[in-house]
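What the coordinates show
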Amino acid sequence: MINIILPVDFGDKTDQLVDGAIKFAKQLNGRIYLIHVAPSDIGFAIGDMGFQYFPEVEANEIREELVLLNKIEQRIIAQDIDCEHLLKQGLAKDIILEYAKAKNGDYIVMGSHGRSGIYDVFVGSLTKGLTKSSTIPVLVLPIHD
């Protein structure tokens, strides 16, 4: 069976990405390993007293993201595709590559909004970083408005 790593960010184009990954998995008789990487600084805020950490904010955010991840997993399973998920905090590129290695990933499926130039200079691109660093193929699905 082909192992497909599917990172999601819960953005407004996540449904399109998931649909593309489902189609790809069906064509290859693949299994999807769904992953969401939450930032490490979820519970931090800057206020009058400088940086403050609010563990309850972080816990609530992680709980909400797990609910969303579970819904996507159930949607994939409903299409008769094996699926499991992981939510982890940290640096997305590193965690996704570690997960792909741990799950013997054959492909990483990512979405691209088609931005380039100045956007990449200031914001960076996870997809671009993965394509440069990954030892397994990265399938980039165009996700446009």
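Here the structure is shown first, and the text comes after it.
This report concerns the structure included in the present document.

Analysis parameters
- Residues numbered from 1 in each chain as written.
- Predicted model: local features only at pLDDT ≥ 70, side-chain atom pairs only at ≥ 80, totals over all residues.
- Heavy atoms only, no water.
- Helix = DSSP H or I, 4+ residues; strand = E, 2+ residues; numbered from the N terminus.
- Buried < 20%, exposed > 50% of the residue type's maximum accessible area, 1.4 Å probe, protein only.
- Lys, Arg positive; Asp, Glu negative; His and termini not counted.
- Salt bridge = Lys/Arg side-chain N within 4 Å of Asp/Glu carboxyl O.
- Polar contact = N/O pair within 3.5 Å; in protein donor to acceptor, adjacent residues only side chain to side chain.
- Contact = heavy atoms within 4.5 Å.

What follows concerns the side chain of Glu73. Secondary-structure assignment places Glu73 in helix 2 (residues 55-77). Although Glu73 is buried, it makes no salt bridge; Arg31 carries the closest opposite charge, 10 Å away. Within the structure, the side chain of Glu73 is placed 2.9 Å from the side chain of His85, a separation counted as a polar contact. In contact with Glu73, not counting residues within four places along its chain, are Leu34, Cys83, Glu84 and His85.

Going through the model one piece at a time under the given rule, you end up with three salt bridges. A salt bridge links Asp15 to Arg75; the shortest N-O distance between them is 3.0 Å. Of this pair, Asp15 sits in helix 1 (residues 14-28) while Arg75 sits in helix 2, and the two are 60 residues apart along the sequence. Taking relative accessible area as the criterion, Arg75 reaches 26% and is therefore assigned partly exposed. Lys103 is paired through a salt bridge with Glu84; the nearest N and O atoms lie 2.8 Å apart. Pair noted here: Lys103 is in the loop between helix 3 (92-102) and strand 6 (107-112) and Glu84 is in strand 5 (residues 83-89), with a separation of 19 residues, a long-range link. By relative accessible area, which is 25% here, Lys103 ends up partly exposed. When salt bridges with common partners are traced through the structure, they connect Asp15, Asp19 and Arg75 into a single cluster.

Glancing now at unusual backbone geometry. The phi angle at Phe10 is positive, at roughly 65 degrees, despite the residue not being glycine. Mapping Phe10 onto the fold places it in the loop between strand 1 (2-7) and helix 1. Unusually for a residue other than glycine, Asp80 sits at a positive phi of about 60 degrees. Within the secondary structure, Asp80 is located in the loop between helix 2 and strand 5.

The quantities given are spatial measurements derived from coordinates; they are silent on function.
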